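# Topology and contacts: notes
Below are the chains, spelled out letter by letter.
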Amino acid sequence: EKGKQIHEEIANRGFLQKDILLGTALVDMYAKCGMLTMAAEVLNEIAARTVVSWNALMDGYVQQGQACEAFKCLEQMQTECLSPDVVTYISILKACSQTGDICKGKQVHHEILARGLLVDHIMLGNALVDMYAKCGVLSKAQEVFDKLPVRDAVCWTALITGYVQQGLGDEALNCFDRMQDEGLLPDAITLSSILNACGEIGAVGKGEKIHADIIRQGLLKEDVALGNALVDMYAK
């Protein structure tokens, strides 16, 4: 409601046609508030749309699970001769994950490689691994992962979760051990995934060790889902 009031003031003073940054901020505000129809209307009113303003709308569609609308935004953006940037690619890869569109994902991957973007953008590498893992193409996820110049806990978690979701608990545990060997601390999401793997394959010894680590770090007080994962692991 406050955003709508400010929008009305901006419109009354004629700022929307004069200031691209202001128009982009409005699109972003409506998108983040889940008001995607309003976000799209504002974008259409902006005289000179930029990649950043398109990204704001695309990310809004992805966050609301409307992947097909995000794809349409990309196509329209490209008809305006605007090239996707790193943020665009991350949003579209998330959309590919939601729809299981591996063909589109591979196409985006090819564009990313052609532009050499993986060297400097770790979040883009993470998004690629996550996309392939969620689409069930774990061999490709592992291949991308192995070639990344830098791997962080988010990237490891994406791969581990992919293995767990495909019922490959032993591979998930192997990844978890390698992650720790590289000196990276697992977060609550990683730990929940690996506890799921322990439950599926009956690795109670490993589960107990992880339980002890969780208690030592005081994580149970902060994360209910982690406690649920522990109960589930022991029950299985």
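This text goes with the structure placed above it.
Our subject in this report is the structure included herewith. (Residues numbered from 1 in each chain as written. Predicted model: local features only at pLDDT ≥ 70, side-chain atom pairs only at ≥ 80, totals over all residues. Heavy atoms only, no water.)

### Points about helix α12 (residues 188-201)
The end-to-end C-alpha separation of α12 is 20 Å, in line with the 20 Å expected for 14 residues at 1.5 Å each. Taken together, the buried positions of α12 are Thr190, Leu191, Ser193, Ile194, Leu195, Ala197, Cys198 and Gly199. Tucked inside the fold, the buried residues of α12 contact α10 (153-165), α11 (169-181), α13 (204-217) and α14 (224-235). Its side-chain oxygen at 3.2 Å from the backbone nitrogen of isoleucine 189, aspartate 187 defines the N-terminal cap of α12. Two residues or fewer past α12, glycine 202 is found with a positive phi of approximately 75 degrees. (Helix = DSSP H or I, 4+ residues; strand = E, 2+ residues; numbered from the N terminus. Expected span 1.5 Å × (residues − 1). Buried < 20%, exposed > 50% of the residue type's maximum accessible area, 1.4 Å probe, protein only. Contact = heavy atoms within 4.5 Å. Polar contact = N/O pair within 3.5 Å; in protein donor to acceptor, adjacent residues only side chain to side chain.)

### Here we look at helix α4 (residues 51-63)
Here α4 is 13 residues long and its end C-alpha atoms lie 18 Å apart, about the 18 Å a rise of 1.5 Å per residue gives. Taking burial as the measure, the 13 residues of α4 include 10 buried ones, the bulk of the element. Within α4, the full set of buried residues consists of Val51, Ser53, Trp54, Asn55, Ala56, Leu57, Met58, Gly60, Tyr61 and Val62. Just beyond α4, the residue with positive phi is glycine 65, at close to 75 degrees.

### A closer look at the nonpolar core
Counting residues in each nonpolar core, the largest one holds 75 residues, and the members touching the most others are Ile112, Leu124 and Val129. Considering each element in turn, this core owes the most residues, 8 residues, to α10. Apart from the residues lying within four places of it in its own chain, the contact partners of leucine 124 are Val86, Tyr89, Ile90, Leu93, Ile112, Leu117 and Leu118. (Core = buried A, V, L, I, M, F, W, Y, C linked by side-chain atoms within 4.5 Å.)

### Comments concerning the packing of aromatic side chains
Scanning the model with the defined rule gives 1 aromatic pair in all. For the pair phenylalanine 145 and tryptophan 156, a centre-to-centre distance of 4.5 Å together with 75 degrees between the ring planes defines the contact as edge-to-face. Of this pair, phenylalanine 145 sits in helix α9 (residues 138-147) while tryptophan 156 sits in helix α10, and the two are 11 residues apart along the sequence. For phenylalanine 145, a relative accessible area of 0% gives the class buried. (Phe/Tyr/Trp six-rings, centres within 6.5 Å; stacked < 30°, edge-to-face > 60°.)

### Overview of the environment of asparagine 228
Along the chain, asparagine 228 falls in helix α14. The exposure class assigned to asparagine 228 is partly exposed, which follows from its relative accessible area of 49%. The spatial distance from the C-alpha of asparagine 228 to the C-alpha of serine 192 is 8.6 Å, given a sequence separation of 36 residues.

### Considerations on the state of the cysteines
Under the counting rule described, the total for this entry stands at 0 disulfides. Of all cysteine sulfurs in the structure, the one in cysteine 73 sits closest to cysteine 33, which takes part in no disulfide; the separation is 18 Å. (Disulfide = S-S within 2.5 Å.)

### Observations concerning the pattern of salt bridges
All told, the structure shown has 14 salt bridges when counted by the stated rule. Here arginine 178 and aspartate 146 are joined by a salt bridge, their closest N and O atoms 3.9 Å apart. In this pair, arginine 178 sits in helix α11 while aspartate 146 sits in helix α9, placing the two residues 32 residues apart along the sequence. Where arginine 216 meets aspartate 213, a salt bridge forms, and the shortest distance between an N and an O atom there is 2.3 Å. One end of the pair, arginine 216, and the other, aspartate 213, are both in helix α13, 3 residues apart, so they sit about a helical turn from each other. The class of arginine 216 is exposed, set by a relative accessible area of 62%. Linked by salt bridges that have partners in common, Lys140, Glu143 and Lys147 make up one network. (Salt bridge = Lys/Arg side-chain N within 4 Å of Asp/Glu carboxyl O.)

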